[in-house]
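# Examining the three-dimensional arrangement
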Amino acid sequence: MIDFDDVSFSYDSAEAAAASPVLREVNLHIDEGDLTLVVGRTGTGKSTLLGAINGLVPHFTGGLLSGEVRVAGRSTRTNRPRDLADVVGFVAQNPMQSFVTDRVEDELAYGMEQLGLSPTAMRKRVEETLDLMGIAGLRRRPLADLSGGQQQRVAIAAVLAAQPRVVVLDEPTSALDPTAAQDVLGAVTTLVHEVGLTVVLAEHRLERVMQVADQVAWLPGDGSVVLGPTAEVLARCDVVPPLAALADRLGWRQVPGSVRDARRRVQREHITVADAPQRRERPASEPVATMTGLGVRYGDVVAVDRVDLVLHPGTVVGLMGRNGAGKSSLMWAMQGAVPSSGDLLVAGSDPRSLPANQVGRLVTLVPQSAGDLLYLPTVAAECAQADEESGVPAGTTAATLVRLGVAVPPDRHPRDLSEGQRLALVLAIQLATEPRVLLLDEPTRGLDYAMKAQLGAIVRRLADEGTCVVISTHDVEFAAAATERTIIMADAEIVADGATRTVLTSSPAFSPQMAKVFHPRPLLSPAEVVRLPVAGRGELA
Amino acid sequence: MSRVLARPEVVILADAALQGARLAGRTVHPWAWWGWALGAGVAVTLASNPLLLVLLIAAVTFVVLQRRTKAPWARSLTLYYALAGLVIAVRLVFQILIGGLREGTVLFSLPEIALPSWAAGIRLGGPVTVEGLVYTAVDAGRLAGLLICIGAANALANPKRALRNVPAAFHQIATALVIAISVAPQLVESVLRVRRARRLRGGVRPGVKGLISVIVPVLEDAIDRSLALAAGMESRGFGRTRTGRGLDWRLGLTLVVAMLGVTFGTFALLGLPGAGSWAVPLLLIGLAAGAFGLHRAGDDLATSRYRPDPWGAPEYLVVGCGLATAALAIWLASTDPAMAFGAFPLTWPELSWPMLATAAVAALPGLLAPEPPKDAA
């Protein structure tokens, strides 16, 4: 269905292309009806590979492509993306940004209108697609009013309505909470199984999708692509989902495809593991922040409903919950940037009553769209500006950046940085004031496993220095590995608050994979898996 | 519970809305509303009788209040009223300050300054007369009324649906306009978000630097969005042609010739006396060539339309009311002496039965046009 013949691609001119192409002599063949998972670290060319399938690369992005890409026998050399619209459906990362119309029904019809289908055929297909994706109830709703999961399903439905034979999805679940992600992936799996669609899907959080993949295409970063069965490719690739880390710790040569497979193998081989490590006892400390009856309202919408919360220095707190549960609003209210009611004290003062340039010493926030904070042409200029804004000696921010351990070239434009580098830069800027409380809103979006581990280490170090770090995230595995206390919000209220181990492992939706594999032992991450000597006939693989 | 049981239709309605059910009612075609509003606009422009003017504006407002939906643009009439008020106020202020009409009953006098002859001898200040003010108010009121008619069309017709229902050849322009309409609120949202984010770095600074710190992220965001949108549209087949090629050059030439014909024809007809003999055919040829070219260009584009808005009896009725209003006003202007309202000398304007009829016809769609569904946008 999809063929890459000797494909090389680079965004730059010909001579630079020879030095470090994004794709180098790629040959691969994807059969009809397969679900292929594209994995690789950030910046290894996953999006380029996906774009090459429908010709967006190079027709839309520019650059030099040699070799040939064929989809259903049609070459992207002679067919522009618009000419392939009836064969390949492309769902971009952020669905809201690529919606053309403003109503669900119209959006579904848009692609078919461009293909010139007859009105009667369109009517029928819109109805079929609404049912297939289970969104018939949304048909008259404005797109802007939908939740993230609904938007993603509408985006997939809009592409499906044109009945393509291949669907390409670029990180379809990166913005979704675990339940919504399950929903979307469930829908995609149904399409593969029932409709026989060929799906190519890129994703960072492999733990969410690897069980549904038929094969994995791994981009090691040197321009090549390794395509093979999930278990084999994951066993040697540099993207390590929790189950691969587990396989590594237990000495398995094959990575189990799902939690179920891992559980069965553990039972079959009578593997016993040590108890979860005891929680480090902290000396009781004065709270650094207290909120009493904190509430946030936007017009008639109650975003945070009279929340009581106490935060202690030196802790890493995870804030989880559905999209729209009030996590971001609570964080912005803590910073004092959105109006709120109730009492709020951070290190003895109320951030709401302080001028903006003094709040930074108490509490600072790295927003979801971290790029909003950056506006200068180079990293060095941003650092210098941050020193000036925070009133700290020149060079402090640059030094913080170095201390974070992420290499960020100072002469680079902030927009040219990778997700991880940009996060590090914003983090350094926000840390220049040495805040008592650091709030991170959804920081793991677009980060690969290695970067997430690095972020986890950074927040751990900050906490050890006495900062209280609050992280809102949808990433269960990251929260399990990096936080010690977890707060779950739902419907503008806090519904659970306690030690991460207790809160996460007791909830089916937020349970990390290790806890599922070794149930009832509440293990949080592969690092906590310690194999005990086998009593009896257990064999070592 | 008993209250819920007492009014089951409330429950059913809420339930139906949740499941995307279709509610009773019918949206009138947006271009029909525009036709009606333009007809009313012609009548308003001709209405030199202040009573007829007020009646027509009332009729237009009545229709909007009866048939508008809950969509955001449906509330825009207030804005147009404010604009209309502003037009009248500005005209009155100029009449008081600069004068022009100084005859009649003097209300009060301002100190007079005569500008030198190079300023065309304009006199500032001077006597302010009742007649002058009334004449100006009525004159400005006609422009204000026209604004309200346009506002009515805006409030009643969904701008996006109006753009969806254009000839296929305009499809790409219409898409661009629809996107432009949706981008505006996104830009506002983007500005608010970035301004809020600025507080995290010590607040928005005054001066150019502060401006840059907001504008740069907003523009970057806007460019990101447009690139994502463009990529999305490209991969969904926007701009596909049946032949797979661009516009035929012969078709392009036809369209250019048609445009030249229309432009010169109109110019000659309006500007050159006695040119009618050749200007009218030129104009007609231009229009015909344009219609043909657009039709062919539309054919070449492969697009089709999903659930196009129907054009039926309600649309004919709405447009018919607009045309009838305009026709009645034209007839009144040439025959009815009561239409000629003079401020010099000031008399109470007369109202005749045909005038009442004109306003009533304009108000008819408020009663006869079908109601829009409760969830209509």
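Residues numbered from 1 in each chain as written. Chains lettered and ligands numbered in written order. Predicted model: local features only at pLDDT ≥ 70, side-chain atom pairs only at ≥ 80, totals over all residues.

### Quick word on the overall build of chain B
Along the backbone of chain B there are 14 helices and two strands. Computed over the C-alpha atoms, the radius of gyration of chain B is 27 Å, more than 25% above the 21 Å expected from 2.2 N^0.38 for a compact globule of 377 residues. By its C-alpha atoms, chain B is 70 × 65 × 60 Å across when sized along the principal axes. Going through the 377 residues of chain B one by one, you find that 30% of them count as buried. (Helix = DSSP H or I, 4+ residues; strand = E, 2+ residues; numbered from the N terminus. Rg over C-alpha atoms; globule rule 2.2 N^0.38 Å. Buried ≥ 20, exposed ≤ 12 C-beta atoms within 10 Å, placed from the backbone.)

### Quick word on the overall build of chain A
The helix and strand inventory of chain A stands at 21 helices and 19 strands. For 541 residues, the compact-globule estimate of 2.2 N^0.38 gives 24 Å, and chain A sits close to it at 24 Å. Principal-axis analysis of the C-alpha atoms places the extent of chain A at approximately 70 × 65 × 55 Å. Residue burial in chain A is summarised as follows: out of 541 residues, 53% are buried.

### Here we look at the packing of helix α16 (residues 396-403) of chain A against helix α17 (residues 419-431) of chain A
Residue and element names in this part refer to chain A. Close contact between α16 and α17 brings their axes to 8 Å; oriented N to C, the two are set at 130°. Between α16 and α17, the angle falls in the class oblique. Read as a crossing pair, α16 and α17 show a hand that is right-handed. Where α16 approaches α17, its residues Thr-397, Thr-400 and Leu-401 are matched on the opposing element by Ala-424, Leu-425, Ala-428, Ile-429 and Leu-431. Here the residues of the contact of α16 with α17 are counted per class, giving six nonpolar, two polar and no charged. (Axes fitted to C-alpha atoms, helices over the stretch in contact; angles between N-to-C directions. Parallel < 35°, antiparallel > 145°, perpendicular 65-115°, else oblique. Left-handed = near helix turned anticlockwise from the far one by under 90°. Contact = placed C-beta atoms within 7 Å. Nonpolar A, V, L, I, M, F, W, Y, C, P; charged D, E, K, R; others polar.)

### Re the domain arrangement of chain B
Domain annotation of chain B identifies domain 1 (26-165 + 310-368) and domain 2 (247-302). The gap between the C-alpha centroids of domain 1 of chain B and domain 2 of chain B is 33 Å. (Domains from an automatic or database assignment.)

### A few points about unusual backbone geometry
All names here are of chain A. A cis geometry characterises the amide bond from Val-57 onward to Pro-58, with omega recorded as 5°. If you trace the backbone, Pro-58 turns up in helix α3 (residues 56-59). Between His-519 and the following residue, Pro-520, the backbone shows a cis peptide bond with an omega angle of 10°. As for its placement among the helices and strands, Pro-520 is situated in the segment after α21 (513-517). Of note in this structure, Ala-72 is not a glycine but carries a positive phi near 50°. By secondary structure assignment, the location of Ala-72 is in the loop between β4 (64-71) and β5 (74-75). A count of 16 C-beta atoms within 10 Å places Ala-72 in the partly exposed class.

### Brief notes about the sheet that holds strand β11 (residues 289-298) of chain A
Residue and element names in this part refer to chain A. An order of β12-β11-β14 is seen for the three strands of this open sheet, with the pairing classed as antiparallel. Strand pairing shows two members of the sheet lacking a second neighbour, β12 (301-311) and β14 (341-346), which therefore form its edges. Sheet twist, expressed as the average angle between the axes of neighbouring strands with direction ignored, equals 25°. On top of the sheet, helix α13 (residues 327-335) reaches β11, β12 and β14; it is set at about 60° to β12, its chief contact. (Pairing = 2+ DSSP bridges.)

### Quick notes on the nonpolar core
Generally speaking, nonpolar side chains in soluble globular proteins are found buried as a group. Within the largest apolar cluster, 184 residues are counted, with the highest numbers of intra-cluster contacts made by Ile53(A), Ala157(A), Val168(A), Val437(A), Val469(A) and Val470(A). It is α17(A) that provides the largest number of residues to this core, a total of eight residues. Each residue touching Val470(A), except ones within four places of it in the same chain, is listed here: Leu311(A), Val317(A), Leu319(A), Met331(A), Val437(A) and Leu439(A). Among the nonpolar cores identified, the runner-up in size contains 49 residues, and Trp33(B), Ala162(B), Met339(B) and Ala359(B) belong to it. (Core = buried A, V, L, I, M, F, W, Y, C linked by C-beta atoms within 7 Å.)

### Topic: the sheet that holds strand β16 (residues 437-441) of chain A
Adjacent strands of a sheet form backbone hydrogen bonds with each other and so pair up, either parallel or antiparallel. All names here are of chain A. The mixed open sheet is built from six strands, whose spatial order is β15-β16-β17-β13-β18-β19. The open sheet has two free edges, formed respectively by β15 (363-366) and β19 (493-499), since each of these has just one partner strand. Looking at each pair of strands side by side, their axes are set apart by 20° on average, direction ignored. Inspection of the sheet shows strand β13 (residues 316-321) paired to strand β17 (residues 468-472) by four bridges, in the parallel sense. The partner of Gly-318 across the bridge, within β17, is Ile-471.

### Structural notes on the interface of chain A and chain B
Taken together, the 50 residues of chain A in the interface contact 40 residues of chain B. Looking at which element gives the most residues to the side of chain A that touches chain B, the answer is helix α5 (residues 104-115) of chain A, with eight residues. Its residues assigned to classes, the side of chain A that touches chain B shows 25 nonpolar, 15 polar and ten charged.

### As for the packing of helix α3 (residues 30-46) of chain B against helix α12 (residues 313-335) of chain B
All names here are of chain B. Contact geometry for α3 and α12: axes closest at 7 Å, N-to-C directions at 10°. As summarised for this structure, α3 and α12 are arranged roughly parallel, according to the angle between their axes. Taking contact as the criterion, the partners of Ala-32, Trp-33, Gly-35, Trp-36, Ala-37, Leu-38, Gly-39, Ala-40, Val-42, Ala-43 and Leu-46 in α3 are, on α12, Glu-315, Val-318, Val-319, Cys-321, Gly-322, Leu-323, Thr-325, Ala-326, Ala-329, Ile-330 and Ala-333. The residue inventory of the contact of α3 with α12, partitioned by class, reads 17 nonpolar, four polar and one charged.

### Brief notes about the pairing of β11(A)
When a strand is regular, its side chains alternate between the sheet's two faces. Residues and elements named next belong to chain A. With seven bridges joining them, β11 and β12 adopt antiparallel strand pairing. Bridged to Thr-290 within β12 is Val-310. The hairpin formed by β11 and β12 contains two residues between the paired strands, and Gly-299 there has a positive phi angle of roughly 60°.

### Digging into the environment of Glu234(B)
Relative to the helices and strands, Glu234(B) is located in helix α9 (residues 207-235). With sequence-adjacent residues up to four places away left out, Glu234(B) is seen in contact with Leu56(A), Phe60(A), Pro81(A) and Arg82(A).

### Description of helix α4 (residues 50-67) of chain B
All names here are of chain B. The terminal C-alpha atoms of α4 lie 26 Å apart, and with 18 residues this matches the ideal 26 Å at 1.5 Å per residue to within 8%. Of all the positions in α4, only Leu-52, Leu-53, Leu-55, Leu-56, Ile-57, Ala-59, Val-60, Val-63, Val-64 and Arg-67 are classed as buried. Each element contacted by the buried residues of α4 is listed here: α3, α5 (77-98), α6 (130-156), α13 (353-363) and α14 (365-368). (Expected span 1.5 Å × (residues − 1).)

### A closer look at the pairing of β16(A)
Residues and elements named next belong to chain A. With five of five residues buried, β16 is to be regarded as a mostly interior element. Here β16 shows a buried face lined by Val-437, Leu-439 and Asp-441 and a second buried face lined by Leu-438 and Leu-440. Here four bridges tie β15 to β16, and the two strands are oriented parallel to one another. Within β16, the position partnered with Val-363 by the bridge is Val-437. Here five bridges tie β16 to β17, and the two strands are oriented parallel to one another. If you follow Leu-438 over to β17, its bridge partner there is Val-469. Handedness of the crossover joining β16 and β17 through helix α18 (residues 449-464) is recorded here as right-handed. (Right-handed = clockwise from strand over helix to strand, strands pointing away.)

### A word on the confidence of the model for chain A
The predicted model of chain A has a mean per-residue pLDDT of 88, with 96% of residues at 70 or higher. Looking across chain A, the model is least confident in helix α1 (residues 14-19) of chain A, with a mean pLDDT of 59, and most confident in β17(A), with 95. (pLDDT = per-residue confidence, 0-100.)

### Section: the environment of Glu103(B)
All names here are of chain B. Tracing the backbone shows Glu-103 in the loop between α5 and β1 (106-114). With 255 residues separating them along the chain, Glu-103 and Thr-358 place their C-alpha atoms 33 Å apart. If sequence neighbours within four positions are ignored, Glu-103 has contacts with Thr-129, Glu-131 and Phe-344.

### Topic: α5(A)
Here α5(A) lies mainly inside the structure; twelve of its twelve residues are buried. All buried positions along α5(A) are accounted for by Val104(A), Glu105(A), Asp106(A), Glu107(A), Leu108(A), Ala109(A), Tyr110(A), Gly111(A), Met112(A), Glu113(A), Gln114(A) and Leu115(A).

### Describing the environment of Gly63(A)
All names here are of chain A. Along the chain, Gly-63 turns up in the loop between α3 and β4. For Gly-63, a count of 19 C-beta atoms within 10 Å gives the class partly exposed. Put simply, Gly-63 and Ala-155 are 92 residues apart on the chain and 27 Å apart in space, counted from C-alpha to C-alpha.

### Re the confidence of the model for chain B
All names here are of chain B. Here chain B shows a mean pLDDT of 82. Residues at 70 or above account for 91%. The low-confidence segment residues 1-6 (pLDDT under 50) makes one contact with residues lying over four places distant or belonging to another chain. The complex model carries a pTM of 0.79, and its ipTM stands at 0.86.

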